[in-house]
Amino acid sequence: MAELRTEELTINMGPQHPSTHGVLRLVLKLNGEIVNDVRPELGYLHRCFEKHTEAMTYPQIIPYTDRMDYLNSMNNELAYVLAVEKLLAIEIPERVEYIRVIMCELQRIASHLVAIGTYGNDAGAFTPFLYCFMDREKILELFEMVCGARLLYNYIWVGGVSHDITPEFLKKTKEFIKYFRPRIKQVNNLLSYNKIFIERTANIGILPVDVAINAGVSGPTLRGSGIKYDLRKDDTYSIYNKFDFDVCVGTGEVGVVGDCWNRYIVRAYEMEQSLRIIEQAMESIPEGDVQSAVPKRVKPPVGEAYVRTESPKGELAYYVVSDGGLTPFRVKARSTSFCNLSVINQISRGHMIADVVMILGSFDIVLGCIDR
Amino acid sequence: METNEVYEKLKRVFEDGIGEIKTDLPTYPFFFVSADKINAVSLFLRDEESLQFDNLSCLSGMDYDKDNLAVVYHLYSYVHHHKLVIKVVVPKSNPVLKTVSDVWAAADWHEREAYDLVGMTFEGHPDLRRILLPEDWEGHPLRKDYKVPEFYRGMKVPY
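Residues numbered from 1 in each chain as written. Chains lettered and ligands numbered in written order. Predicted model: local features only at pLDDT ≥ 70, side-chain atom pairs only at ≥ 80, totals over all residues.

J.: Lay out the overall build of chain B with the relevant residues and their values.
T.: The helix and strand tally for chain B stands at three helices and nine strands. Ordered by position from N to C terminus, the α and β elements of chain B give α-β-β-α-β-β-β-β-α-β-β-β. When its C-alpha atoms are laid out on the principal axes, chain B stretches across 55 × 30 × 25 Å. Restricting to contacts in chain B with at least 6 residues of sequence separation, those with at least 24 account for 46%. (Helix = DSSP H or I, 4+ residues; strand = E, 2+ residues; numbered from the N terminus. Contact = placed C-beta atoms within 7 Å.)

Structure follows, in structure tokens:
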């Protein structure tokens, strides 16, 4: 029998596709079911963030940073505000630092819940998704209680925060922690150690450490490859050095180090560590005025600041250049998902189409952050 | 290793390729590297035993001043846990510099972004296309003299 004629097939995945987590287009080159090449096409959500900053004063930019990684607004604000504060060289009241840490860690849990929920959804497990969103809702309620907003807060200001937290908030947060601890176990039982889920994620998309570092991959995606590196500990900022917590890494408990399952499980572990940080912060939070250090006019001297922070997705950094005026000369956001996504081609080649969905999900990308 | 030590070391190897060092500004100290030497310097920074800058944290293109564009490299070493900031300044009349995407894979998309938004060309980049804006967009928005076009393919740009 004559050999069948085969040819490479090029297809689009996205931009309107639920598994691409937003408006991302992947151009796949296929040999049957096997993926030969993945080329991400970005820019569908580009909103010229960096151009807009040229026409705004420093505090006006904070709401824009909210909209970058919209599942993780608190950490975005913190990263930008830290950069501006570094330029201004101002001292921040202790209480403000504690409040910021509590908010950022709550936000980290909320972000990881979305990551875990949607990842389960990618694999076809719809129930964990609902559980995760139910718990996330509780965190959003806490945010609503303290600043009125549920998603885009404009909460962390240069030199302070917009509202002080109340004893009521602390009480509710304590209740939440008590409620949430067993829920992590529940999600693990539902999803993490589920046979089908493991079959879909273990040994898929293995990312070696050296490739990851060279490509600028960071956060849980990097730690899934087994390197114990967390900016909160290793290049500490704010007051993270005061708290005791563990850096979670992929250990190869299931599958091999660096595969999708290990990247995923880092997030599940990290939620517990965030709870520990919040507990410690709530115990030792000092009294004080949260707006005493807010400057009347933000006008930094000529200079530049580059601040790296550990956002739930990885290394989020802002590079702010000041020419001494009221508006920044240049603001560059070093977007986490942008760098993490760039390795997808390298580690997807040779896998099936369905695996590309799992690999993409394991990066926990947010297109608002990639496209800016 | 501190920036000035790295600077001394590079100065001995690359001589004229390394520009002046700035430590007095209220910022992290940095130094300049010439546009045609940046690839060789980067390779040296990555592979030299005592430096090992294995991670390009960020690469930002910017409109530097009236006549120049600049690219800023923020480097980090996971081995030695030290940081470095270097800058390359290129004239607007001929904004060309060597790519570092073969040294750090992270630079690939960052350089495409810098090309897209600021408009410098990275010589030797394997796939220098626009990344965030449409392929047929005219101009580079992050230039200070950029004018928002009134129309894009016959569609009115709303502001």
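The discussion continues.
J.: Could you give me a rundown of the overall build of chain A, with the residues and numbers involved?
T.: Counting secondary structure elements, chain A contains 15 helices and eight strands. Taken over the C-alpha trace, chain A has a radius of gyration of 21 Å; the compact-globule value for 372 residues is 21 Å, and the two agree within 12%. With respect to the three principal axes, the spread of C-alpha positions in chain A is 85 × 45 × 35 Å. Relative to its 372 residues, chain A shows a buried fraction of 51%. Across chain A, contacts joining residues at least 24 apart in sequence account for 71% of those joining residues at least 6 apart. (Rg over C-alpha atoms; globule rule 2.2 N^0.38 Å. Buried ≥ 20, exposed ≤ 12 C-beta atoms within 10 Å, placed from the backbone.)

J.: Describe the interface of chain A and chain B, with residues and values.
T.: Taken residue by residue, the interface counts 29 residues in chain A and 26 residues in chain B. Secondary-structure elements contributing two or more residues to the side of chain A that touches chain B are α1 (49–52), α8 (209–214), β6 (303–311), β7 (314–322), β8 (330–334) and α12 (336–341) of chain A. In terms of residue count, β6(A) provides more of the side of chain A that touches chain B than any other element does, five residues in total. Looking at the side of chain A that touches chain B residue by residue, the class counts come to 13 nonpolar, six polar and 10 charged. (Nonpolar A, V, L, I, M, F, W, Y, C, P; charged D, E, K, R; others polar.)

J.: Give me the lowdown on helix α6 (residues 167–192) of chain A, citing residues and values where you can.
T.: Residue and element names in this part refer to chain A. Here α6 contains 26 residues, and its C-alpha end-to-end distance of 36 Å stays within 8% of the 38 Å for a straight helix at 1.5 Å per residue. Along its length, α6 reaches its greatest deviation from straightness, about 30°, at Phe 180, and the proline Pro 182 lies no more than four positions downstream. Buried residues of α6: Thr 173, Phe 176, Ile 184, Val 187, Leu 191 and Ser 192, and no others. Elements that come into contact with the buried residues of α6 comprise α4 (94–122), α5 (127–147), α7 (195–201) and α11 (260–284). (Expected span 1.5 Å × (residues − 1). Bend = angle between axes of the 7 residues up to and from the residue.)

J.: How would you sum up the sheet that holds strand β2 (residues 25–31) of chain A? Please name residues and give values.
T.: Backbone-to-backbone hydrogen bonds join strands into a sheet, with any given pair of strands oriented parallel or antiparallel. All names here are of chain A. Ordered in space as β1-β2-β3, the three strands form an open sheet in which the pairing is antiparallel. Strand pairing shows two members of the sheet lacking a second neighbour, β1 (9–13) and β3 (34–41), which therefore form its edges. The average undirected angle you get between the axes of adjacent strands in this sheet is 25°. (Pairing = 2+ DSSP bridges. Axes fitted to C-alpha atoms, helices over the stretch in contact; angles between N-to-C directions.)

J.: Outline the pairing of β3(A), supporting the account with residue identities and numerical values.
T.: Pairing of β2(A) with β3(A) involves seven bridges; the strand directions are antiparallel. Within the sheet, the bridge partner assigned to Leu26(A) lies in β3(A) and is Pro40(A).

J.: Run through helix α3 (residues 107–117) of chain B, naming residues and quoting values.
T.: Of all 11 residues in α3(B), 11 are buried; the element is thus mostly enclosed. Those residues of α3(B) lying buried are Ala107(B), Asp108(B), Trp109(B), His110(B), Glu111(B), Arg112(B), Glu113(B), Ala114(B), Tyr115(B), Asp116(B) and Leu117(B). Those residues of α3(B) that are buried are in contact with α1 and α12 of chain A together with β3 (55–63), β4 (68–76) and β7 (121–123) of chain B.

J.: I'd like a description of the environment of Glu8(B), backed by residues and values.
T.: Residues and elements named next belong to chain B. Note that Glu 8 resides in helix α1 (residues 3–14). With 12 C-beta atoms counted inside 10 Å, the residue Glu 8 sits in the exposed group. The sequence separation of Glu 8 and Ile 21 amounts to 13 residues, and the corresponding C-alpha distance is 9.9 Å.

J.: How would you sum up unusual backbone geometry? Please name residues and give values.
T.: The residue Cys48(A) is not glycine, and still its phi comes out positive at about 55°. With respect to the helices and strands, the residue Cys48(A) is situated in the loop between β3 and α1.

J.: Can you tell me about the sheet that holds strand β5 (residues 83–91) of chain B, naming the residues and giving the values?
T.: All names here are of chain B. A sheet is described by the order of its strands in space; here five strands give the open sequence β1-β2-β5-β4-β3, paired in mixed fashion. If you trace the sheet from one side to the other, it starts and ends with β1 (18–22) and β3, each paired once. When strand polarity is set aside, the average angle formed by the axes of neighbouring strands in this sheet is 25°. Relative to β5, β4 runs antiparallel, the two being bridged by nine bridges. Paired with Leu 69 across the strands is Val 90, a residue of β5. Helix-sheet contacts for α3 involve β3 and β4, and the interaxial angle to β3 is about 5°.

J.: Got a sec to walk through the nonpolar core? Specific residues and values, please.
T.: Residues and elements named next belong to chain A. Ala 83, Val 84 and Tyr 318 are the most contacted members of the largest nonpolar core, which totals 154 residues. Top element by residues in this core is α4. It accounts for 14 residues. For Val 84, the residues in contact, after removing those within four places along its chain, are Tyr 58, Val 158, Val 298, Pro 300 and Val 320. (Core = buried A, V, L, I, M, F, W, Y, C linked by C-beta atoms within 7 Å.)

J.: Before we move on, can you summarise the environment of Val96(A) with the specific residues and values?
T.: Residue and element names in this part refer to chain A. Positionally, Val 96 belongs in helix α4. Here Val 96 falls in the buried class, since 24 other C-beta atoms lie within 10 Å of it. Remark: the alpha-carbon pair of Val 96 and Val 290, spanning 194 residues in sequence, is separated by 5.5 Å. Beyond its immediate stretch of four places on either side in the chain, Val 96 contacts Gly 160, Val 161 and Val 290.

J.: Requested: an account of the environment of Thr23(B), with residues and values cited.
T.: Mapped onto the elements, Thr23(B) comes out in the loop between β1 and β2 (30–33). Ignoring sequence-local partners within four residues, the contact set of Thr23(B) consists of Asn4(B) and Pro29(B).

J.: Summarise the packing of α4(A) against α5(A); cite the residues concerned and give the values.
T.: Residue and element names in this part refer to chain A. Put simply, α4 and α5 touch, their axes get as near as 8 Å, and they point 160° apart. Overall, the two elements α4 and α5 adopt an arrangement that is roughly antiparallel. Both α4 and α5 take part in a crossing whose hand is left-handed. In contact with Leu 106, Ile 109, Ala 110, Leu 113, Val 114, Ile 116, Gly 117, Thr 118, Gly 120 and Asn 121 of α4, α5 contributes Pro 128, Phe 129, Cys 132, Phe 133, Asp 135, Arg 136, Ile 139, Leu 140 and Leu 142. Along the lines of polarity and charge, the residues of the contact of α4 with α5 split into 13 nonpolar, four polar and two charged. (Parallel < 35°, antiparallel > 145°, perpendicular 65-115°, else oblique. Left-handed = near helix turned anticlockwise from the far one by under 90°.)

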